[in-house]
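The residues making up each chain are set out below.
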Amino acid sequence: MKNENPEAKSLYELYLHLGLPVDLIQPSEGFAILNLKDVNFVLPYQSPSFRPDYFSFLFVKKGKGKYTIDEHSFLVQPHSIYFTNPSNYRTFSWKKIEEIYLITFDETFLKQYISKDIFSTFPFLLTETVSPKIVNDEFYGEVEHVYLNIHKEYINQSTDTYRIIGHFLAVMLYKIKAYFWQDYNPIYEGNRSSQIVKSFKRLLEKHYRDLIAGKIEVVFRLQDYADAQNLHPNYLSNIIKTKTGKSVTTWIADKTISEAKSLLLNSSMPIKEITYTLGFAETAHFSNFFKKQTKISPVQFRKDHKI
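In this text, all values refer to a predicted model and were calculated from it rather than measured experimentally.

1. Considerations on the packing of helix H4 (residues 137-156) against helix H5 (residues 161-180)
- Direction vectors running N to C along H4 and H5 enclose 165°, while the axes themselves pass 9 Å from each other. Looking at the two axes, H4 sits roughly antiparallel to H5. Classified by chirality, the crossing of H5 by H4 is left-handed. Where H4 approaches H5, its residues Phe139, Glu142, Val143, Val146, Tyr147, Asn149, Ile150, Glu153 and Tyr154 are matched on the opposing element by Thr161, Tyr162, Ile164, Ile165, Phe168, Leu169, Val171, Met172, Lys175, Ile176 and Tyr179.

As structure tokens, this is what we get:
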């Protein structure tokens, strides 16, 4: 096993790196759900530090362990729900696993199967560090019913599996939003640095929504995001890099790829038009950029995911 901190685009990539079994994980579609008991961890298990590029929910009905996200550590307790989003470094350790389910998904999956305005509907997805929530028996029973249905669909793998999972996941997000985050606004969370990060994320999301809608044509760069918060570009760069582990440039590149995938999957828009929509001057430049980031061309990506 490698010793350096892995940066995992998916749960499949992470488990490969950690030397854990991946036969229960579908490597495509940007979604995975596991009953951790099926992974056959050798207990006690301690992971190295890693930084995922996906969102995750951990549903702990019964088990013992610990999650550490950046400098925050949380003991795993029965009937607790953990939520994490991309970018934070983390570790996990397990002493006992009886019933613990892990769900992971990326932004492309959310936008393809739930809503293109996912972060407007569920702003808590942008939160930085969330303490685990211990819930009452009634609520845990509600979400357990949903995640068990998701797991059943994931294992069965029918033609419409991910459409069905998308509906179930939307139900879960609405339930969790109502239970935990009804009045949540990411702008008011945390200290000044946290507010800068969240303002940047919200502006990044809004900017690309406007690009896709044709309201604007020029892609924002570092200077534009700094100007929007009346900050020096170097200061913004340092804050974003320190707090998220990713540079502003990487955030922009990842967002561009996410929106490109969404357009390739959910529209019949010609690749030439997608090129201009996302601010590229030439199709060749867009194709080269897409292939460099994903190891596959836009044409092949659309062909491989055509339903």
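2. Here's the deal with the pairing of strand E5 (residues 55-69)
- Taken across its 15 residues, E5 has 11 buried, putting it largely inside the fold.
- Across 14 bridges, E5 lies against strand E8 (residues 90-105) in antiparallel orientation. Note that in E8 the partner of Phe57 across the bridge is Ile103.
- Taken together, the five bridges between E5 and strand E7 (residues 80-84) define a ladder with antiparallel strand orientation. Looking at E7, one finds that Val60 is bridged to Ser80.

3. Observations regarding the pattern of salt bridges
- For the structure on display, the rule yields 15 salt bridges.
- With its nearest N and O atoms 2.9 Å apart, the salt bridge here joins Arg163 to Asp160.
- For Arg163, a relative accessible area of 39% gives the class partly exposed.
- Between Lys255 and Glu259 there is a salt bridge, with the nearest N and O atoms lying 3.2 Å from each other. Highlighted residues: Lys255 and Glu259, both in helix H9 (residues 248-266), separated by four residues, approximately one helical turn.
- Look at Glu259 and you get buried, because its relative accessible area is 6%.
- In the salt-bridge network here, residues are joined through shared partners; they are Glu107, Lys111, Asp117, Glu205, Arg209, Lys255 and Glu259.

4. Thoughts on empty space enclosed by the protein
- What the rule picks out here adds up to three cavities of 30 Å³ or more.
- Space inside the largest cavity adds up to approximately 110 Å³.
- Lining of the largest cavity is provided by 16 residues; of these, Leu11, Phe50, Tyr67, Phe92 and Leu102 occupy positions nearest its centre.
- Elements with a contribution of two residues or more to the lining of the largest cavity: helix H1 (11-18), E5 and E8.
- At five residues, E8 tops the list of elements feeding residues into the lining of the largest cavity.
- Residues that form the lining of the largest cavity fall into these classes: 12 nonpolar, three polar and one charged.

The rules behind these values
Residues numbered from 1 in each chain as written. Predicted model: local features only at pLDDT ≥ 70, side-chain atom pairs only at ≥ 80, totals over all residues. Heavy atoms only, no water. Axes fitted to C-alpha atoms, helices over the stretch in contact; angles between N-to-C directions. Helix = DSSP H or I, 4+ residues; strand = E, 2+ residues; numbered from the N terminus. Parallel < 35°, antiparallel > 145°, perpendicular 65-115°, else oblique. Left-handed = near helix turned anticlockwise from the far one by under 90°. Contact = heavy atoms within 4.5 Å. Buried < 20%, exposed > 50% of the residue type's maximum accessible area, 1.4 Å probe, protein only. Pairing = 2+ DSSP bridges. Salt bridge = Lys/Arg side-chain N within 4 Å of Asp/Glu carboxyl O. 1 Å grid on protein atoms, 1.4 Å probe; cavity = no way out; pocket = protein on both sides within 12 Å on 5 of 7 lines; lining within 4 Å. Points joined across faces, edges and corners; volume = space filled by probe spheres on them. Nonpolar A, V, L, I, M, F, W, Y, C, P; charged D, E, K, R; others polar.

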